[in-house]
Amino acid sequence: ENQFALAAMMIRGLLVLLSISQAVSLFEDQAGLNDFHLENIGQVKGAIFSTDSKTKRIFVYTDLNVVAALDVWTGDIVWRQFLPDNESIDLIRVSSGGSGKMVVSVSGGGKYIRVFSMATGDLYWDDVTRSIPAKGEAAAAALGAGVIS
């Protein structure tokens, strides 16, 4: 009886393993359509290279309101931050200010200013200006405040 119980348990285990492999497979014509992991940052609107010679990164902003760091050699996404859909990114700048290496984004026509860690993409600072400045004034204000160097 023990041999039959052991054989039945092994057959059940084999059936479970076979059913799992069927559940995670895709047909060739579904590749790219039904993938559950697709890294996408959108169409690049602007880019700036890292000032750090060790990391070799390019920082971009896209039509999908994404600020991202890409590895120059592989093209891999190092980090990415999604900004709200209702504000378009106007520009990004790289800064090596007193607080360390940062990426500064200005969006919403200059209404929103955000500062991200160059290495990790962590949000250091997020501020809403009191009024919407004229075109170019937000970057000038950030420069004057020492946020962008």
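Please read all numbers here as calculations on a predicted model, not as lab measurements.

Colleague: Run through the environment of Val-60, naming residues and quoting values.
Modeller: Position of Val-60 relative to the elements: it lies in strand E2 (residues 57–62). Along the sequence, Val-60 and Lys-45 sit 15 residues apart, while their C-alpha atoms lie 7.4 Å from each other. When sequence neighbours within four positions are dropped, the list of residues in contact with Val-60 reads Ile-41, Val-44, Gly-46, Ala-47, Val-66, Val-67, Ala-68, Leu-70 and Ile-92.

Colleague: Account for the sheet that holds strand E1 (residues 44–49), with residues named and values stated.
Modeller: Across the sheet, 4 strands lie side by side as E1-E2-E3-E4; this open sheet has antiparallel pairing. At either end of the open sheet lies a strand with only one pairing partner, and these are E1 and strand E4 (77–82). Between one strand axis and the next, the sheet turns by 20° as a mean value, whatever way the strands run. As defined by bridge partners, E1 adjoins E2 across 5 bridges and the pair is classed as antiparallel. Paired with Ile-48 across the strands is Phe-59, a residue of E2.

Colleague: So what's going on with the nonpolar core? Which residues, and what values?
Modeller: Phe-59, Tyr-61, Val-67, Ala-69, Trp-79, Leu-83, Ile-89, Ile-92, Val-94, Val-103, Phe-116 and Met-118 together form the largest nonpolar core, which totals 12 residues. Taken together, the elements giving at least two residues each to this core come down to E2, strand E3 (66–71) and strand E5 (89–95). Broken down by element, the residue count for this core peaks at 3 residues, all from E5. The contact partners of Phe-59, leaving out residues within four places of it in the chain, are Gly-46, Ala-47, Ile-48, Ser-50, Ala-68, Ala-69, Trp-79, Ile-92, Val-94, Val-103 and Met-118.

Colleague: How would you explain the confidence of the model for the chain if you had to name every residue and give the values?
Modeller: Averaged over all residues, the pLDDT of the chain equals 77, while 68% of them reach at least 70. The least confident element of the chain, judged by mean pLDDT, is helix H2 (residues 137–144) at 54; the most confident is E3 at 93.

Cut-offs used in this document
- Residues numbered from 1 in each chain as written.
- Predicted model: local features only at pLDDT ≥ 70, side-chain atom pairs only at ≥ 80, totals over all residues.
- Heavy atoms only, no water.
- Helix = DSSP H or I, 4+ residues; strand = E, 2+ residues; numbered from the N terminus.
- Contact = heavy atoms within 4.5 Å.
- Pairing = 2+ DSSP bridges.
- Axes fitted to C-alpha atoms, helices over the stretch in contact; angles between N-to-C directions.
- Core = buried A, V, L, I, M, F, W, Y, C linked by side-chain atoms within 4.5 Å.
- Buried < 20%, exposed > 50% of the residue type's maximum accessible area, 1.4 Å probe, protein only.
- pLDDT = per-residue confidence, 0-100.

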